Amino acid sequence: MAYFYGVDSYEKFVKEFQRLSGLDLNFYKENQMKRRINSFMTTRGHSGDYTGFLNALKVNSELYDAFFKHLTINVTQFFRDAGLWETFREKILPALVQKRSSLKIWSAGCSAGQEAYTIAMILTEYFPTVRYSILGTDIDVNVLKRAREGIYEERDFASTPPFFLEKYFTLADKASKTYQIKDSLKKNITFREQNLLTDHFESGFDIIACRNVVIYFTDEAKDILYQKFYNSLNSGGILFTGSTEHLFGRDNLGFKLITSFFYEKQ
Ligand SMILES: C[S@@+](CC[C@H](N)C(=O)[O-])C[C@H]1O[C@@H](n2cnc3c(N)ncnc32)[C@H](O)[C@@H]1O
């Protein structure tokens, strides 16, 4: 594995890359980031040459986009962790809609929109009288473009009950087996670029889903983020985390665990 030495130090790389991309890698766990950067550089023939790699990033937009995607890891699916979406539908939403006639929802780190559209499908199918708005945000403009287009590949549906695919998508292209989300699901969703580590948060949310986004954030960055989520939620609002993400040791925040991975603002 290559390491960061001398003028090619990790600190210098981080500073230069922030200037280039706006992404501050100091908020991400250093060892994991180094591993990801080095593996990418090796596959692209830049092993060990950080200065050369940075220069290449400045002039090669394909390389830059691929690297950014590699660093931020935007793998996702509709109905990812299917059991948790059942809990969401059977337990979390019924309790919320008893208290509210409309819901303001945020999919934070939404990738290409699969999580936001999953929420829209569940609401449309099982809570048709509830009004809602969904904000999907991500730091990666390329995935947001895909989210707005709403065209997906077969692998995006690996966890999707077939019924939802049939009802809420149309076949976009038979040969490539791509599917287009119906416009009726798009109308209550807005996608917007945002860096969770540095940008301002809206408030008044009833649900914030932030799943599989913070895995590489430092503990300090997570502390700040969860506090900001808390401030952005209405009282009684729900934070939905990823299936490996807990708020253990963050009792001071004021969240109450409802059931695994769902936390209520007290
Ligand atoms: C693995 S995807 C998670 C998608 C979806 N939430 C899920 O659970 O399937 C992680 C997403 O977080 C985004 N991300 C990473 N760092 C971010 C940051 N600082 N601000 C906003 N989004 C970020 C990435 O671009 C990526 O699309």
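Q: Let's hear about the overall build of the protein: which residues, and what values?
A: Looking only at helices and strands, the protein has ten helices and ten strands in total. Relative to its length of 266 residues, the protein is compact, with a C-alpha radius of gyration of 20 Å against a globular reference of 18 Å. Along the three orthogonal principal directions, the C-alpha set of the protein runs to about 60 × 55 × 25 Å. Across the 266 residues that make up the protein, the buried fraction comes to 48%. As displayed, the protein offers around 12,900 Å² of accessible surface, 50% of which is attributable to carbon and sulfur atoms. One way to put it: in the protein the 34 positive side-chain charges average out to a point 3 Å from where the 32 negative ones average out.

Q: Lay out the sheet that holds strand E2 (residues 131-138) with the relevant residues and their values.
A: Spatially, seven strands are ordered E6-E2-E1-E7-E8-E10-E9 in an open sheet, and the strand pairing comes out mixed. A single partner strand is all that each edge strand has here, and the edge strands are strand E6 (189-193) and strand E9 (255-259). Each strand axis lies, on average, 20° off the axis of its neighbour in the sheet, ignoring direction. In this sheet, strand E8 (residues 233-241) lies alongside strand E7 (residues 205-210) in parallel orientation, the contact comprising five bridges. Within E8, the position partnered with Ala209 by the bridge is Phe240. The strands that helix H5 (residues 82-99) touches are strand E1 (102-108), E7, E8, E9 and strand E10 (262-265); relative to E8, the one it contacts most, it runs at about 175°.

Q: Residues and numbers for the domain arrangement of the protein, please.
A: Each assigned domain of the protein is listed here: domain 1 (6-72) and domain 2 (82-145 + 187-265). A separation of 29 Å is found between the C-alpha centroids of domain 1 and domain 2. Buried area between domain 1 and domain 2, both sides added, is near 1,100 Å², and the carbon and sulfur share of it is 64%. A per-residue breakdown of the area domain 1 buries against domain 2 is headed by Phe27, Tyr28 and Lys29, which together make up 51% of the total. For the interface between domain 1 and domain 2, the tally reads zero salt bridges. Across the domain 1-domain 2 interface, the total number found is three residue pairs in polar contact (both at pLDDT 80 or more). Contributions of two or more residues to the side of domain 1 that touches domain 2 are made by helix H2 (30-43) and helix H4 (61-72). Of the residues that constitute the side of domain 1 that touches domain 2, the class distribution is five nonpolar, four polar and four charged.

Q: Can you tell me about unusual backbone geometry, naming the residues and giving the values?
A: Backbone geometry at Asp81 places phi at a positive 60°, although glycine is not the residue there. Along the chain, the position of Asp81 falls in the loop between H4 and H5. In this structure Asp81 comes out as partly exposed when scored by relative accessible area, which is 27%. Within the chain, Ser111 stands out as a residue other than glycine whose phi angle is a positive 55°. Following the sequence through the fold, Ser111 ends up in the loop between E1 and helix H6 (114-126). With a relative accessible area of 7%, Ser111 lands in the buried category.

Q: Got a sec to walk through the packing of aromatic side chains? Specific residues and values, please.
A: Counted according to the given criterion, the structure contains 34 aromatic pairs. Look at Phe17 and Phe67: their rings are 5.3 Å apart centre to centre, the planes differ by 80°, and that puts the pair in the edge-to-face class. Linking Phe17 in helix H1 (residues 10-21) with Phe67 in helix H4, this pair joins segments that are 50 residues apart in sequence. The burial state of Phe17 is the same as that of Phe67; both residues are buried.

Q: Tell me about the site of the ligand, residues and numbers included.
A: Taken together, 21 residues lie around the ligand, and Tyr28, Thr76, Arg80, Asp138 and Asn212 are the ones closest in. Take Thr76: an N or O atom from its side chain is 2.5 Å from an oxygen atom of the ligand. Within the backbone of Leu196, an N or O atom sits 2.9 Å from a nitrogen atom of the ligand.

Q: Tell me about the nonpolar core, and please be specific about residues and values.
A: Inside soluble globular proteins, nonpolar side chains tend to come together where they are buried. Counting 45 residues, the largest nonpolar core has Phe17, Leu25 and Phe229 as its most contacted members. Going through the elements one at a time, H1, H2, helix H3 (50-59), H4, E1, E7, helix H10 (219-232) and E8 are the ones with two or more residues in this core. Counting contributing residues, this core receives three or more from each of domain 1 (6-72) and domain 2 (82-145 + 187-265). When residues no more than four places from it in sequence are discounted, the contact partners of Phe17 are Gly22, Leu23, Leu25, Leu54, Leu57, Tyr64, Phe67, Phe68 and Leu71. In this structure, Ile134, Phe164, Tyr168 and Leu185 belong to the second largest nonpolar core, which totals 42 residues.

Q: An account of the sheet that holds strand E3 (residues 151-153) is needed here, citing residue identities and associated values.
A: What the three strands build is an open sheet, ordered E3-E5-E4; its pairing is antiparallel. The open sheet has two edge strands with one neighbour each: E3 and strand E4 (169-173). Neighbouring strand axes in the sheet, compared pairwise and without regard to direction, differ in orientation by 40° on average. As paired strands, E4 and strand E5 (residues 178-181) are joined by four bridges and run antiparallel to one another.

What counts, and at which threshold
- Residues numbered from 1 in each chain as written.
- Predicted model: local features only at pLDDT ≥ 70, side-chain atom pairs only at ≥ 80, totals over all residues.
- Heavy atoms only, no water.
- Helix = DSSP H or I, 4+ residues; strand = E, 2+ residues; numbered from the N terminus.
- Rg over C-alpha atoms; globule rule 2.2 N^0.38 Å.
- Buried < 20%, exposed > 50% of the residue type's maximum accessible area, 1.4 Å probe, protein only.
- Areas by Shrake-Rupley, 256 points an atom, 1.4 Å probe, with all protein chains shown as cover.
- Lys, Arg positive; Asp, Glu negative; His and termini not counted.
- Charge placed at Lys NZ, Arg CZ, Asp CG, Glu CD.
- Pairing = 2+ DSSP bridges.
- Axes fitted to C-alpha atoms, helices over the stretch in contact; angles between N-to-C directions.
- Contact = heavy atoms within 4.5 Å.
- Domains from an automatic or database assignment.
- Buried area = accessible area lost by both parts, 1.4 Å probe.
- Salt bridge = Lys/Arg side-chain N within 4 Å of Asp/Glu carboxyl O.
- Polar contact = N/O pair within 3.5 Å; in protein donor to acceptor, adjacent residues only side chain to side chain.
- Nonpolar A, V, L, I, M, F, W, Y, C, P; charged D, E, K, R; others polar.
- Phe/Tyr/Trp six-rings, centres within 6.5 Å; stacked < 30°, edge-to-face > 60°.
- Near = heavy atom within 4 Å.
- Core = buried A, V, L, I, M, F, W, Y, C linked by side-chain atoms within 4.5 Å.

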